[in-house]
Amino acid sequence: MIDRLMRHVDKCAVTGCWNWTGAKSTPGKGRKEGGSLPYGCIKVDGKARRAHRVSYELLVGPIPHGFVIDHICRNTLCCNPDHLRAMTNRENILIGTSATSIARRLPSYVILDDVGSGP
Ligand SMILES: [Zn+2]
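About the thresholds
Along each chain, numbering runs from 1 in the same order as the chain's sequence is written. In keeping with the predicted nature of the model, local features appear solely for residues at pLDDT of at least 70, side-chain atom pairs appear and are counted solely at 80 or more, and the whole-chain, interface and lining totals rest on all residues. Secondary structure elements follow DSSP: runs of H or I no shorter than four residues count as helices, runs of E no shorter than two count as strands, and numbering proceeds from the N terminus. For the exposure call, what matters is how many other C-beta atoms sit within 10 Å of a residue's own: 20 or more marks it buried, 12 or fewer exposed, and in between partly exposed, using C-beta atoms placed from the backbone. Residues are defined as contacting one another if the C-beta atoms placed from their backbone atoms lie within 7 Å. To form a nonpolar core, buried Ala, Val, Leu, Ile, Met, Phe, Trp, Tyr and Cys residues must be joined through C-beta atoms within 7 Å. A residue's pLDDT is the predictor's confidence in that residue, given on a scale from 0 to 100. The criterion for strand pairing is that DSSP finds at least two bridges linking the strands in question.

A. Structural detail: the overall build of the protein. Check the secondary structure of the protein and you find four helices and six strands. Seen in sequence order, the protein has helices and strands lined up from the N terminus as α-β-β-β-β-α-β-β-α-α. Among the 119 residues that make up the protein, the fraction classed as buried is 22%. Residue pairs at least 24 apart in sequence account for 39% of intrachain contacts in the protein once pairs closer than 6 positions are excluded.

B. Structural context of the nonpolar core. Ranked by size, the top nonpolar core spans twelve residues in total: L5, V9, C17, W18, W20, Y39, I42, A51, V54, L77, C78 and C79. Looking at this core, the elements that each hand over two or more residues are β2 (18-20) and α2 (51-59). Contact partners of C17, with chain neighbours within four places excluded, come to C12, C73, N75, C78, N80 and H83.

C. Representation of α2. Along α2, the residues that are buried comprise A51, H52, R53, V54, S55 and Y56. Summarising the contacts, the buried residues of α2 are in contact with α1 (2-6), β2, β3 (41-44), β4 (47-50), β5 (67-71) and β6 (84-88).

D. Seen up close, the environment of M1. Positionally, M1 belongs in the segment before α1. Under the C-beta neighbour-count criterion, M1 is labelled exposed, with 10 such atoms within 10 Å. Between the C-alpha atom of M1 and that of S55, which follows or precedes it by 54 residues, the distance is 9.5 Å.

E. Unusual backbone geometry, seen in detail. A positive phi angle, close to 50°, is found at D45, a residue other than glycine. As for its placement among the helices and strands, D45 is situated in the loop between β3 and β4. Non-glycine residue R74 carries a positive phi angle of around 65°. Along the chain, the position of R74 falls in the loop between β5 and β6.

F. Layout of the confidence of the model for the protein. Of the residues in the protein, 72% reach a pLDDT of 70 or more, and the chain-wide mean stands at 81. In this model residues 108-119 is a low-confidence stretch, pLDDT under 50, and it forms eight contacts with partners more than four residues away in sequence or in other chains.

G. Molecular detail of the pairing of β4. Here β3 runs beside β4; their pairing, made up of four bridges, is antiparallel. Pairing of K43 across the sheet is with A48, part of β4.

H. Inspection of the environment of V68 at higher detail. Tracing the backbone through its elements, the reader meets V68 in strand β5. For V68 and N89, which are 21 residues apart along the polypeptide, the C-alpha to C-alpha distance reads 5.7 Å.

Below, the structure written as structure tokens:
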């Protein structure tokens, strides 16, 4: 499975991003996470799944129930597990995607809430 994933990944030497080169979702479908942005898609057991979520599950671990995978680098096609982190959807919305919010958190990878101490 990892081999299949990596075949569609183009690692950028500058940003460190693993850019997805395979199939992509159509932007603007009104999905919960980043409805206006394209995401990498990969078929797992006949089902289309988000490539970055599959990458996270394969290389980091299971995604806790109710959590979304946030791209720290804001590149929605990126599958580098070092650029991904699990967070609640609420946190993801609170953080936002503005340039200042990215600049604020990229150097230190600050997390707003302690994700591990949820109910
Ligand atoms: Zn990245």
